[in-house]
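# Coordinates in review
Each chain is listed here by its residues.
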Amino acid sequence: MIVTGKGGKWSAIIADGKITGKTPSGKNFVMHKVTRKSKTLGLKPPPGAVVLFDGKDADEWNDGKMVDGNLLGSDISSKTKFRDHTVHLEFRLSFMPYARGQGRSNSGVYLQQRYEVQVLDSFGLKGQNNECGGIYSQTAPRVNMC
């Protein structure tokens, strides 16, 4: 498959798990496909965990609905209320290759209607408090989740 950059400034070929092409200045580049998998992928919840969503239904959510087959819709709140807690959150980001900064799949998850855990495609950014995994305007994430 042949792809070109916005405005046709660069081109590349995708084949055999890599992208090979030339930059606008004519420099060759190769990018290899990287598949990352979470260490927790497929693990069962720990004892005592409250599972709010398992990809099958939206029953644990006020105004919850399934979208795109097995995803949970937005603008919802959990029926169960929590005090002190630990959250395990998995999410999928939109592919927005031409957007930058806060324009890349910008969203968030509110905890106790007080704190927003930032959900954002912040790949390659510094990992500040307004980037993925940070508590928005409060603290930076321990690691850049993207």
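These numbers were taken from a predicted model, which means no experiment stands behind them. Every residue gets a number counted from 1 within its own chain, in the order that chain's sequence is written. Totals for whole chains, interfaces and linings use every residue, but because this is a predicted model, local features are given only for residues with pLDDT of at least 70 and side-chain atom pairs only at 80 or more, for both listing and counting. No hydrogens and no water enter the side-chain calculation; it runs on all heavy atoms of the structure.

What follows is about the side chain of Q118. Mapped onto the elements of the fold, Q118 is located in strand β10 (residues 115-119). The definition of a polar contact used here is a pair of N or O atoms within 3.5 Å, where within protein one atom must be able to donate a hydrogen and the other to accept one, and adjacent residues in sequence count solely through side-chain atom pairs. Within the structure, Q118 has its side chain in polar contact with the side chain of N106 (distance 2.9 Å). Only heavy atoms matter for contacts: two residues are in contact if any of them lie within 4.5 Å across the pair. When neighbours within four sequence positions are excluded, Q118 is seen to be in contact with Q102, N106, S107, N130, E131, C132, G133, G134 and Y136. Under the scheme used here, helices are H or I runs from DSSP no shorter than 4 residues and strands are E runs no shorter than 2 residues, and both carry numbers assigned from the N terminus.

Pairing between strands is defined by DSSP: at least two bridges between them are needed. Taken in spatial order, the four strands make up an open sheet running β1-β2-β3-β4, and their pairing is antiparallel. A strand with exactly one partner marks an edge of an open sheet, and here the two such strands are β1 (2-4) and β4 (28-32). The average angle at which neighbouring strand axes cross in this sheet is 25°, direction not considered. Here five bridges tie strand β3 (residues 18-22) to β4, and the two strands are oriented antiparallel to one another. Each bridged residue has a counterpart across the sheet, and for T20 the counterpart in β4 is V30. An axis is simply a line fitted to the C-alpha atoms; with a helix, the fit covers only the stretch in contact. Between two such axes, the angle follows the N-to-C directions and lies from 0 to 180 degrees.

To count toward a patch, a residue needs a relative accessible area over 30% and no salt bridge; like charges are then connected within 9 Å, while nonpolar side chains (Val, Leu, Ile, Met, Phe, Trp, Tyr) are connected within 5 Å. Every accessible area reported is derived by Shrake-Rupley at a probe size of 1.4 Å, with residue values counting cover from the shown protein chains alone. Note on definitions: salt bridges are taken to be side-chain nitrogens of Lys or Arg within 4 Å of carboxyl oxygens of Asp or Glu. In this tally, Lys and Arg are treated as positive and Asp and Glu as negative; His is ignored, and so are the chain termini. Where a charge sits is defined by one atom per residue type, namely NZ (Lys), CZ (Arg), CG (Asp) or CD (Glu). Together, D54, D57, D59 and E60 make up a negatively charged patch on the protein surface. Among the structural elements, D57 can be located in the loop between β4 and β5 (61-62).

A few words now on the packing of aromatic side chains. Each aromatic ring pair is specified by the distance between its two centres and by the angle formed by the two planes. Only centres within 6.5 Å qualify two rings of Phe, Tyr or Trp (six-membered ring in Trp) as a pair; their planes then separate them into stacked at under 30 degrees, edge-to-face at over 60, and tilted for everything else. If you walk through the whole model with that rule in mind, you get one aromatic pair. Seen in terms of ring centroids, W10 and F29 are 6.2 Å apart; in terms of plane orientation they differ by 75°. Their pairing is edge-to-face. Taken together, the residues span a long stretch of sequence, with W10 in the loop between β1 and β2 (11-15) and F29 in strand β4 at a distance of 19 residues. According to the relative accessible area criterion, W10 is partly exposed, its value standing at 34%. Three exposure classes are used, based on accessible area relative to the maximum for each residue type with a 1.4 Å probe and protein chains only: buried under 20%, partly exposed in between, and exposed over 50%.

The next subject is a nonpolar patch on the surface. A grouping of V87, L89 and F91 is seen on the molecular surface, where their side chains present a nonpolar patch of about 250 Å² in accessible area. Mapped onto the elements, V87 comes out in the loop between β8 (77-78) and β9 (107-111). For V87, a relative accessible area of 46% gives the class partly exposed.

Another aspect to go through is the pairing of β2. Two faces, one strand: in a regular strand the side chains alternate between the faces of the sheet. Across three bridges, β1 lies against β2 in antiparallel orientation. Considered in β2, the bridge of I2 is made with I13. The turn joining β2 and β3, which pair antiparallel and follow one another in sequence, is formed by two residues; a positive phi near 55° is taken by D16.

It is worth spelling out the pairing of β3 at this point. Bridge analysis of β2 against β3 gives five bridges, and the strand direction is antiparallel. Directly across from A12, in β3, lies its bridge partner G21. The antiparallel pairing of β3 with β4 creates a hairpin that spans five residues between the two strands, and G26 there sits at a positive phi of about 95°.

Take G127: it is sitting in the segment after β10. If near-sequence neighbours (up to four positions away) are discounted, G127 is found in contact with A140, P141 and N144.

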